[in-house]
Amino acid sequence: MADTATQRTRRVTATEVAKLAGCSQAAVSLWITGKYEGRLTPEWQQRIAAAVAELGYVPNRTAQKLSSGTGRAVSFIFPGFSYSFFGPVLEGVSSALGHGWDLSFYDSRPNGGSRKDSAEALVSVAVGADTTGVILASPSSAELGAIGDVLAATVVVDAPEAPSNASLVAFDTDPSIDEMAAQLARLGHKRVGYVSLAANSLTLIERRKSVVRSLKAHGIQPVGPDLRVTTGGLDATADLFSGKWPHWRHERVTAVICSDERHAYGVLAGARAMGLSVPADFSLVAFNDSDPAQLLAPSLSSIHLSAVELGAAAGKALKARVGGIVAAPILVPTSYFGRESTGIAPLVD
């Protein structure tokens, strides 16, 4: 009895019901909401009912309530508000959708268990039979796989690819990355360090690959391993940089590229604590280009990514898909701004 009681303290997911019944999560959602007439055969109804009874499944009523109301409920799945990037994305989405759409938010960061199981459980909660549309932002490969069977109109945002059932909206960063690499080459930089976010976002993985390709095409060698940081604050990144710089200095690194602007702030703080000067001791480049990048001393060279424009394109793509229009992938343009933080490569011993 103790074992059974312990098992039932964990919420059973619709994904687990679907696996036991041998059907899709969408079929389970139809059965749960009572909208299976004419859509599920009696045999499938019985199999799902048996699986529900065996597992003791209880529907998540909060999620069902969030995905109802106007009949145009949209689930926005993203890696949480600790990433300030997603506030403007949501601003763009909301503006493009307009009135009459219910937006519900779901944090995609795994809460224990394997990433694959976490992704499937997340989708089972975020997407119900009454969900009109889904926007999946900055996904991992597990989240892309979990969204592949969703029946609602689906848009994948800020990713290099999307499953066949979804529209894709992403940044076109390659031209800007190449412009950045070309400038570093003109300034005499030969070896570059990279600051990456310790996350499984497919777009960040692809972004690093694009940076490496462009650097090598311009005769610049990326020096590994990367400085990998989490979503920690400025002080944490500054400490990590201070520990990394002696190695990079030994490897004759003269420029540092940050995959996210927040980490550039930490690098600047760490450099100042060590008595280093940018760009006299090394040049610094980042992605995002928020307003503070222009106000720093020195002003920060950055690849501009318009989160609002990305969100607006996602909202428009979702409305089109709900209306039965499947558009080609949308690539939002980016721009590179070379500012005071990039200068002539210093002479190194």
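Residues numbered from 1 in each chain as written. Predicted model: local features only at pLDDT ≥ 70, side-chain atom pairs only at ≥ 80, totals over all residues. Heavy atoms only, no water.

(A) Summary view of the overall build of the protein. Along the backbone of the protein there are 14 helices and 12 strands. Looking at the protein as a whole, 50% of its 349 residues are labelled buried. Considering only contacts within the protein whose residues lie at least 6 apart along the sequence, 72% involve residues at least 24 apart. (Helix = DSSP H or I, 4+ residues; strand = E, 2+ residues; numbered from the N terminus. Buried < 20%, exposed > 50% of the residue type's maximum accessible area, 1.4 Å probe, protein only. Contact = heavy atoms within 4.5 Å.)

(B) Quick look at the sheet that holds strand 4 (residues 153–157). A sheet is described by the order of its strands in space; here six strands give the open sequence 2-1-3-4-5-11, paired in parallel fashion. Whereas interior strands pair on both sides, the edge strands pair on one side only; in this sheet they are strand 2 (102–107) and strand 11 (330–333). In this sheet, neighbouring strand axes are inclined to one another by 20° on average, regardless of whether the strands run parallel or antiparallel. Bridge analysis of strand 5 (residues 166–172) against strand 11 gives four bridges, and the strand direction is parallel. Looking at the pairing, Ala170 lines up with Leu331 of strand 11. On the sheet, helix 6 (residues 86–97) packs against strand 1 (73–78), strand 2 and strand 3 (131–137) and is oriented at approximately 160° with respect to strand 1. Running over the sheet, helix 14 (residues 307–322) touches strand 1, strand 3, strand 4, strand 5 and strand 11 and is turned about 160° from strand 4. (Pairing = 2+ DSSP bridges. Axes fitted to C-alpha atoms, helices over the stretch in contact; angles between N-to-C directions.)

(C) Quick peek at the pattern of salt bridges. A full pass over the atoms with the stated rule returns six salt bridges. The partner of Lys19 in a salt bridge is Glu120, and the shortest N-O contact between them spans 3.3 Å. Placement of the pair is Lys19 in helix 2 (residues 14–21) and Glu120 in helix 7 (residues 115–126), with a sequence separation of 101 residues. Using a relative accessible area of 53% as the deciding quantity, one classes Lys19 as exposed. The partner of Arg208 in a salt bridge is Asp226, and the shortest N-O contact between them spans 2.6 Å. In this pair, Arg208 sits in helix 10 (residues 202–217) while Asp226 sits in strand 7 (residues 221–229), placing the two residues 18 residues apart along the sequence. Since its relative accessible area comes to 31%, Arg208 is described here as partly exposed. Residue Asp226 is classed as buried on the basis of its relative accessible area, which comes to 16%. (Salt bridge = Lys/Arg side-chain N within 4 Å of Asp/Glu carboxyl O.)

(D) Representation of the sheet that holds strand 8 (residues 255–258) in the model. Taken in spatial order, the six strands of this open sheet run 7-6-8-9-10-12, and their pairing is mixed. Either end of the sheet is taken by a strand with one partner, and the two such strands are strand 7 and strand 12 (335–337). Averaged over all pairs of adjacent strands, the angle between their axes in this sheet comes to 20°, without regard to strand direction. Sheet topology note: the strand 6 (residues 191–197)/strand 7 ladder contains six bridges and is parallel. In the strand pairing of strand 7, Val192 is matched with Pro222. Docked against the sheet, helix 9 (residues 174–186) engages strand 8, strand 9 (283–288), strand 10 (301–304) and strand 12, running at close to 25° with respect to strand 12. Contacts from helix 11 (residues 234–250) reach strand 6, strand 7 and strand 8 within the one sheet, and its direction differs from that of strand 7 by about 155°.

(E) Expanded view of the pairing of strand 1. Within strand 1, six of the six residues are buried, which leaves it mostly tucked inside the rest of the structure. The alternating pattern of strand 1 places Ala73, Ser75 and Ile77 and Val74, Phe76 and Phe78 on opposite faces, both of which are buried. In this region the chain leaves strand 1, passes through helix 6 and returns to the parallel neighbour strand 2; the handedness of that crossover is right-handed. Pairing analysis gives five bridges linking strand 1 to strand 3, with the strands arranged parallel. Looking at strand 3, one finds that Phe76 is bridged to Ile135. (Right-handed = clockwise from strand over helix to strand, strands pointing away.)

(F) Structural detail: helix 14. Over its 16 residues, helix 14 extends 23 Å from the first C-alpha to the last, a length consistent with the 22 Å expected when each residue adds 1.5 Å. Taken as a whole, helix 14 has its buried residues at Ala307, Leu310, Gly311, Ala312, Ala313, Ala314, Gly315, Ala317, Leu318 and Arg321. The first or second residue beyond helix 14 is Gly324, which carries a positive phi of 90°. (Expected span 1.5 Å × (residues − 1).)

(G) Looking closely at unusual backbone geometry. The omega angle of the peptide bond from Gly224 to Pro225 is -5°, so this bond is cis rather than trans. By the element assignment, Pro225 lies in strand 7. The residue after Val278, namely Pro279, is reached through a cis peptide bond having omega 10°. The residue Pro279 is located in the loop between helix 12 (261–273) and strand 9 in this model. The phi dihedral of Arg252 falls on the positive side, at around 65°, and the residue is not glycine. Relative to the elements of secondary structure, Arg252 occurs in the loop between helix 11 and strand 8. For Arg252, a relative accessible area of 43% gives the class partly exposed. The residue Asp289 is not glycine, and still its phi comes out positive at about 65°. Tracing the backbone shows Asp289 in the loop between strand 9 and helix 13 (292–295). Look at Asp289 and you get buried, because its relative accessible area is 6%.

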